[in-house]
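Descriptive analysis of the structure
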Amino acid sequence: QVRLLESGGGVVQPGGSLRLSCAASGFEFTLYRMRWYRQTPGKERELVAAITSRGDSTNYADSVKGRFTISRDDAKNMVYLQMNSLKSEDTALYYCSAVRVTTFWGQGTQVTVSS
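These numbers come from a predicted model, not from an experiment.

Summed over the entire model, instances satisfying the criterion amount to five salt bridges. As a salt-bridge pair, D62 and K65 come within 3.1 Å of each other at their nearest N and O atoms. Summarising the burial analysis for this pair, D62 and K65 share the class exposed. One salt bridge connects R72 with D74, and the closest N-O pair in it is separated by 2.8 Å. With relative accessibility at 14%, the residue R72 sits in the buried group. Assessed through its relative accessible area of 30%, D74 is described here as partly exposed. Among the charged side chains, a network of salt bridges with common partners joins R38, E46, R67 and D90.

Next up, the structure:
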């Protein structure tokens, strides 16, 4: 059974940091590109960060460049999103996805940036 389980969300003050984790199981993790998306009510889901199946290339939304870092640990079937210098506009439900021919989604973890 395919499963993507996000964790690490929470409430943080502006300027703070959080590290999101996504535990993958039930599929061949090393063959999949991994992505983090986010969504706020009334808005479309936004691609935040992506990493290739080999982990040799990453890309980011302009709004998070220089602040967020995506990484993967193939030995643990994990993908991470390190988020620094958080802003109120980063508040969203963050989703992990695995992409190949099929796309798998997690249930999301809430990040709230508020003073």
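Next comes the rest of the write-up.
Okay, unusual backbone geometry next. Note: most peptide bonds trans; most residues except glycine with negative phi. One non-glycine residue, N77, adopts positive backbone phi at about 55 degrees. Here N77 lies in the loop between β7 (68–73) and β8 (78–83). The exposure class of N77 is partly exposed, given its relative accessible area of 23%. Positive phi outside glycine occurs at S85, with the angle close to 50 degrees. Relative to the helices and strands, S85 is located in the loop between β8 and β9 (92–99).

Within this structure, the stated rule accounts for six aromatic pairs. Ring centres 6.4 Å apart and planes at 50 degrees place the aromatic pair F27 and F29 in the tilted group. Overall, the relative accessible area of 13% leaves F27 in the buried class. A residue is classified by how much of its surface remains accessible, and F29, at 2% relative accessible area, is buried. Put simply, the rings of F27, F29, Y32 and F104 touch in pairs and so form one group of aromatic residues. Sitting over the ring of Y80, R19 keeps its end group 3.9 Å from the ring centre. Here R45 stacks its cationic end above the ring of Y95, 3.8 Å away from the centre of that ring.

Thresholds applied
- Residues numbered from 1 in each chain as written.
- Predicted model: local features only at pLDDT ≥ 70, side-chain atom pairs only at ≥ 80, totals over all residues.
- Heavy atoms only, no water.
- Salt bridge = Lys/Arg side-chain N within 4 Å of Asp/Glu carboxyl O.
- Buried < 20%, exposed > 50% of the residue type's maximum accessible area, 1.4 Å probe, protein only.
- Helix = DSSP H or I, 4+ residues; strand = E, 2+ residues; numbered from the N terminus.
- Phe/Tyr/Trp six-rings, centres within 6.5 Å; stacked < 30°, edge-to-face > 60°.
- Lys NZ or Arg CZ within 6 Å of the ring centre and 35° of its normal.

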